[in-house]
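Coordinate analysis (summary)
Given next are the chains, with one letter for each unit.
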Amino acid sequence: MSDSSAAPLTPITDRVKEAMRISLRGCDELLPESDWLKKLARAEATGKPLRIKFGMDPTAPDLHLGHTVVLNKLRQLQDLGHVVIPLIGDFTTTIGDPSGRNSTRPPLTREQIEANAKTYFDQIGLVVDVSRAEVRWNSEWSDALGARGMIQLAARYTVARMMERDDFKKRFESNTPISVHEFLYPLMQGYDSVALKSDIELGGTDQKFNLLVGRALQAEYGQEPQCILTMPLLEGLDGVDKMSKSKGNYVGIAEPANDMFAKILSISDELMWRWFTLLSFRGEDEIAALKREVECGRNPKDAKVMLAKEITTRFHSAAAAEAAHEDFQRRAAGGIPDEIPERTLAGAPLGIAALLKQAGLVPSTSEAMRLVEQGGVRVDGGVVSDKALKLGNGTYVVQVGKRKFVRVTLAA
């Protein structure tokens, strides 16, 4: 028997149930669900939209699809009529977020932060309707705190609770240094929630502790505590590690349409369904029906092409997505793309390994030799099998793997 005392005071309409379903789609945790249901019901009854916070520290200028998992959820909640608040952490970035790290992360300079933030707006706008968003910078209130305010804020949270954070605990036990300023990061992120009076804060699973600090600080300041919604960290192209530029398993949202399309088609059939859930705006029923079709014999590549077209269209255009599909088919059939980079090199006759390296197709001559041995190098469409091959004066189309092409003009 349910506890009637825990039931929302306002009716749970079908619209509220749908909003809850959209909130839960693909998420890792929504805490507490009962509080969020009450907030949704209240918003529906009063017509007053909820305030949805998502903080971003501009630590790098370019975003990849992994970053858009939370942005997609932000857009879904925005489309429900709520106020989304993309918060640029220009102040917190100067501290450096230690989340998930076993060492301190060096803070960025003001110039670096502003340069990175400049590109963030354009990229965020590819997912979220910035014209309907409340874009804020946390230096607005953090700079005004001053030393006295910072000390008063620190008095509202204990060291014992701070040490419950997994990465702090592990570093303390392993005698890895923890700087005092690192304790200030979750406090300042939490104070952002106080300043914004947020109803819910979104983040990746690695941000759970920081999000909970915001909830605790709001209670300390006499506000209704925010709910927290964490989204999974998206696996990259390899299907194993989370998407990361450092691991090379990423799809950048600003990279060329042809590259984006081809990369998405390279993922495994199993990973494709997880990407559908976290990256596609298609309805869950539509995705489930598509999955059943594949299980009943439809070629999974058909579904993957649909996903690649949807994502490429979002960050480029429908025309660019169609052109990327055609380009991929042409490459798969052994054809040459319409537009490829051009390089002019000196030193003919030039060995194939040196040519590949100088043309920027491989990082080293040893890698070039390995690719030749594996049959992964073509010149004018023909597979190169001789590692000692030298090319004389002339222009050649050189290909490495399925997607790398360069038109090389060699001179003496």
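- An unreviewed UniProt entry lists the chain under the name Tyrosine--tRNA ligase, from Rubrivivax gelatinosus.
- Taken verbatim from the UniProt record of the chain, the Sequence similarities (unreviewed entry) comment is "Belongs to the class-I aminoacyl-tRNA synthetase family. TyrS type 2 subfamily."
- The Subcellular location (unreviewed entry) field of the UniProt record for the chain holds the comment "Cytoplasm".

Describing the nonpolar core
- One finds Trp 36, Ile 52, Leu 65, Leu 71, Leu 202 and Trp 275 to be the most contacted residues of the largest nonpolar core, which totals 60 residues.
- Looking at this core, the element that brings in the most residues is helix α11 (residues 269-279), giving 7 residues.
- Excluding anything up to four places from it in sequence, Leu 65 contacts Leu 234, Met 243, Val 251, Ile 253, Trp 275, Leu 279, Ile 311 and Phe 315.
- Counting residues in hydrophobic clusters, the runner-up holds 23 residues, among them Val 377, Val 379, Tyr 396 and Val 400.

Focus: the layout of surface pockets
- Within this model, the second largest pocket holds a volume of roughly 710 Å³.
- In this structure, the second largest pocket is lined by 29 residues; those nearest its centre are Asp 259, Arg 331, Arg 403, Lys 404 and Phe 405.
- Elements supplying a minimum of two residues to the lining of the second largest pocket: α10 (257-265), α14 (318-332), α16 (365-373) and β13 (404-411).
- Take the lining of the second largest pocket: its biggest share by element is 4 residues, from α14.
- Per-class residue counts for the lining of the second largest pocket are 13 nonpolar, 3 polar and 13 charged.

Some details on the pattern of salt bridges
- Evaluation of the coordinates by the stated rule reveals 32 salt bridges.
- The partner of Lys 304 in a salt bridge is Asp 269, with the nearest N and O atoms 2.8 Å apart. With a gap of 35 residues between them, Lys 304 in helix α13 (residues 300-315) and Asp 269 in helix α11 connect regions that are remote in the sequence.
- Assessed through its relative accessible area of 36%, Asp 269 is described here as partly exposed.
- A cluster of three or more residues bridged by salt bridges with shared partners is formed by Lys 39, Arg 42, Asp 199 and Glu 224.

Quick look at the pairing of strand β6 (residues 227-231)
- Where burial is concerned, most of β6 is hidden: 5 out of the 5 residues are buried.
- Of the two faces of β6, the one holding Cys 227, Leu 229 and Met 231 and the one holding Ile 228 and Thr 230 are both buried throughout.
- Direction of pairing for strand β1 (residues 29-31) relative to β6: antiparallel, over a ladder of 3 bridges. Pairing of Glu 29 across the sheet is with Thr 230, part of β6.
- One ladder, built from 5 bridges, connects strand β5 (residues 200-204) with β6; its direction is parallel. The residue of β6 that forms the bridge with Gly 204 is Met 231.
- Where the polypeptide runs from β5 across helix α9 (residues 208-220) and back to β6, its parallel neighbour, the crossover connection is right-handed.

Here is what the cut-offs are and how they apply
- Residues numbered from 1 in each chain as written.
- Predicted model: local features only at pLDDT ≥ 70, side-chain atom pairs only at ≥ 80, totals over all residues.
- Heavy atoms only, no water.
- UniProt positions renumbered as here; feature names shortened; annotations may be inferred.
- Core = buried A, V, L, I, M, F, W, Y, C linked by side-chain atoms within 4.5 Å.
- Buried < 20%, exposed > 50% of the residue type's maximum accessible area, 1.4 Å probe, protein only.
- Helix = DSSP H or I, 4+ residues; strand = E, 2+ residues; numbered from the N terminus.
- Contact = heavy atoms within 4.5 Å.
- 1 Å grid on protein atoms, 1.4 Å probe; cavity = no way out; pocket = protein on both sides within 12 Å on 5 of 7 lines; lining within 4 Å.
- Points joined across faces, edges and corners; volume = space filled by probe spheres on them.
- Nonpolar A, V, L, I, M, F, W, Y, C, P; charged D, E, K, R; others polar.
- Salt bridge = Lys/Arg side-chain N within 4 Å of Asp/Glu carboxyl O.
- Pairing = 2+ DSSP bridges.
- Right-handed = clockwise from strand over helix to strand, strands pointing away.

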